[in-house]
Each structure stands twice: as structure tokens, then as C-alpha cells.
Amino acid sequence: MFFVEVSVFLLFLGLFSGWMLLSDRLTRRQDARRAECMSTLVDSLKGMEITTVLARYGPPRDQFSGSTGRSIYTWRRPPSNEFPEMRGLVVITLTVNESGHVVDTAWQWQHQD
């Protein structure tokens, strides 16, 4: 009887450990796909007019205007739901030149593993 109980315990322990490793691996894979999607999206904004970006993604969280005519726009997800869903905090930053076109894009992703 003792052998059966130990065998069942070890079987369940092995299955649980395998499930935990698999779920962690799937989460990392999903995060990598979402990060690639976000990179593609943010890179596609380069060269667009800021009015088009504002119409598509809504008002930014912050906007800073520089003395040279350039501006920086930032969005955060959450609370902004216009950008793709990701775990954690995503900050999208666009630099706009004086003619109103996006000249530089960047994004950061902060999450806990």
C-alpha cells in the first residue's frame, strides 16, 4: 500500500511540475509574439502625420513641445485600450517634427515574470 501511495504522489508531483513548466513556456512564447506585434505596430507609425495617429489611437497621456518645434507624445497601456493587449505596462513614445510627421518611435514594456 505504501508503494502505491508514493507512486501516485510522485506521478502527480511530476504532472504538476510539467504543467507549470509548460504554462511558463507558453506564456513566454505568447509574450514574445505580442512584443513582435507591438514592435511592428510602433515601427509602422514612423512617417505618419500625427493627426492620423491621434485619430486612430486617441489622445496621448502626455505631450511635450520643444523649443525647436519638435514634440513628444506618449501613450500608456493600460489605461489606453487602443493599442494591443500586453501583460504589464507599455509606454509608447513618438517624436514629431515641426511639420507634424512622426520621425522617431519607441516603446518600453515593463512586466514581472
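Quick note: structure is the one above.
Here's what I pulled together on the structure shown here.

Reading guide: rules and limits
- Residues numbered from 1 in each chain as written.
- Predicted model: local features only at pLDDT ≥ 70, side-chain atom pairs only at ≥ 80, totals over all residues.
- Heavy atoms only, no water.
- Helix = DSSP H or I, 4+ residues; strand = E, 2+ residues; numbered from the N terminus.
- Buried < 20%, exposed > 50% of the residue type's maximum accessible area, 1.4 Å probe, protein only.
- Contact = heavy atoms within 4.5 Å.
- Lys, Arg positive; Asp, Glu negative; His and termini not counted.
- Charge placed at Lys NZ, Arg CZ, Asp CG, Glu CD.
- Core = buried A, V, L, I, M, F, W, Y, C linked by side-chain atoms within 4.5 Å.
- Phe/Tyr/Trp six-rings, centres within 6.5 Å; stacked < 30°, edge-to-face > 60°.
- Pairing = 2+ DSSP bridges.

## Details of the overall build of the chain
Within the chain, the secondary structure is distributed over 2 helices and 4 strands. Put simply, the chain runs from its N terminus to its C terminus through helices and strands in the order α-α-β-β-β-β. Along the first, second and third principal axes, the C-alpha set of the chain runs to 80 × 20 × 20 Å. Burial statistics for the chain: of 113 residues in total, 26% are counted as buried. Nonlocal contacts in the chain, meaning residues at least 24 apart in sequence, comprise 42% of its contacts between residues at least 6 apart. The average position of the 12 basic charges and that of the 12 acidic charges among the side chains of the chain differ by 2 Å.

## What about unusual backbone geometry?
With an omega dihedral of -10°, the bond running from Arg77 to Pro78 counts as a cis peptide bond. Of note, Pro78 is situated in the loop between β2 (71-77) and β3 (89-96).

## A few points about the nonpolar core
Core analysis: the largest hydrophobic core is formed by 18 residues, its most contacted members being Ile50, Val53, Trp75 and Leu94. Elements represented by at least two residues in this core include exactly α1 (2-44), α2 (50-57), β2 and β3.

## Overview of the packing of aromatic side chains
All chains considered together, the criterion is met by 4 aromatic pairs. For the ring pair Tyr73 and Trp75, a centre distance of 6.3 Å and an interplane angle of 20° mean the geometry is stacked. For the pair Tyr73 and Trp75, one class covers both residues: buried. Where Trp75 meets Phe83, the ring centres are 6.1 Å apart and the plane angle is 65°; that geometry is what we call edge-to-face.

## Here's the deal with the side chain of Thr74
Summarising the element assignment, Thr74 is placed in strand β2. Apart from residues no more than four positions distant in its own chain, Thr74 is found in contact with Pro60, Arg61, Asp62, Ile92 and Thr93.

## Structural notes on the pairing of β2
Counted residue by residue, β2 has 5 buried out of 7 residues, so it is predominantly covered. Here strand β1 (residues 62-65) folds back onto β2 in antiparallel fashion, the turn holding 5 residues, of which Gly69 has a positive phi close to 100°. Across 7 bridges, β2 lies against β3 in antiparallel orientation. The partner of Ser71 across the bridge, within β3, is Val96.

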